[in-house]
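Per-entry structural report
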Amino acid sequence: MNTLRKSLGALAVVYALSFYLGALLHTGLAIGPVTEPVVVPAVIVETVCGSALLAGAYGALAGRPWAWTGLRLGPAIALGGVLLGIVAITFGGGQSTPLNDWYHRIIATLLALSLGGALYASRARR
């Protein structure tokens, strides 16, 4: 279980960095040729998602007693933020771009898998 905890923690760091990158893009900052429209609510949600993932990653990588709770809550909060973004775009709350659509699909899948791994480990430890 220690290997799974550390692996999920490392993945959470990578996911958090991708959310922070998305937040920077949604502020209007161009990163190389990559640009996204300015969407202030997306910046807020992406920052919260990244922070939740980073907190869970810290717990997992530092071996804190609440590590498994953090590894369940971080991806759950981030997945909720991704689903909120998908719903917002669907109902006209933001501009749909190919990068944004691709990112939402991929990160939702990855977060669901991470959450599933953390939930599995929680059950297996009992």
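These lines cover the structure that appears in this document, whether it is placed above or below. (Residues numbered from 1 in each chain as written. Predicted model: local features only at pLDDT ≥ 70, side-chain atom pairs only at ≥ 80, totals over all residues. Heavy atoms only, no water.)

Re the packing of helix 1 (residues 2-26) against helix 3 (residues 67-90)
Between helix 1 and helix 3, the shortest axis-to-axis distance is 11 Å and the interhelical angle comes to 30 degrees. What the angle tells us is that helix 1 and helix 3 run roughly parallel. Our pair here, helix 1 against helix 3, has a crossing hand that is left-handed. On helix 3, the residues that touch Leu4, Arg5, Leu8, Gly9 and Phe19 of helix 1 are Ala67, Trp68, Leu71, Ala78 and Val82. Grouping the amino acids of the contact of helix 1 with helix 3 by side-chain chemistry returns eight nonpolar, one polar and one charged. (Axes fitted to C-alpha atoms, helices over the stretch in contact; angles between N-to-C directions. Helix = DSSP H or I, 4+ residues; strand = E, 2+ residues; numbered from the N terminus. Parallel < 35°, antiparallel > 145°, perpendicular 65-115°, else oblique. Left-handed = near helix turned anticlockwise from the far one by under 90°. Contact = heavy atoms within 4.5 Å. Nonpolar A, V, L, I, M, F, W, Y, C, P; charged D, E, K, R; others polar.)

Comments concerning the environment of serine 96
By secondary structure assignment, the location of serine 96 is in the loop between helix 3 and helix 4 (98-124). According to the relative accessible area criterion, serine 96 is partly exposed, its value standing at 40%. As for serine 96 and isoleucine 86, which are separated by 10 residues in sequence, their C-alpha atoms are 9.4 Å apart. If we skip the residues at most four places from it in the chain, serine 96 touches Ile89 and Asp101. Among the polar contacts listed, one links the side chain of serine 96 to the side chain of aspartate 101, at a separation of 2.7 Å. (Buried < 20%, exposed > 50% of the residue type's maximum accessible area, 1.4 Å probe, protein only. Polar contact = N/O pair within 3.5 Å; in protein donor to acceptor, adjacent residues only side chain to side chain.)

Examining the packing of aromatic side chains
Going through the model one piece at a time under the given rule, you end up with two aromatic pairs. With a centroid separation of 5.9 Å and an interplanar angle of 85 degrees, the aromatic rings of phenylalanine 19 and tyrosine 103 are classed as edge-to-face. Placement of the pair is phenylalanine 19 in helix 1 and tyrosine 103 in helix 4, with a sequence separation of 84 residues. The residues phenylalanine 19 and tyrosine 103 share a single accessibility class, namely buried. (Phe/Tyr/Trp six-rings, centres within 6.5 Å; stacked < 30°, edge-to-face > 60°.)

These figures capture arrangement, not role.
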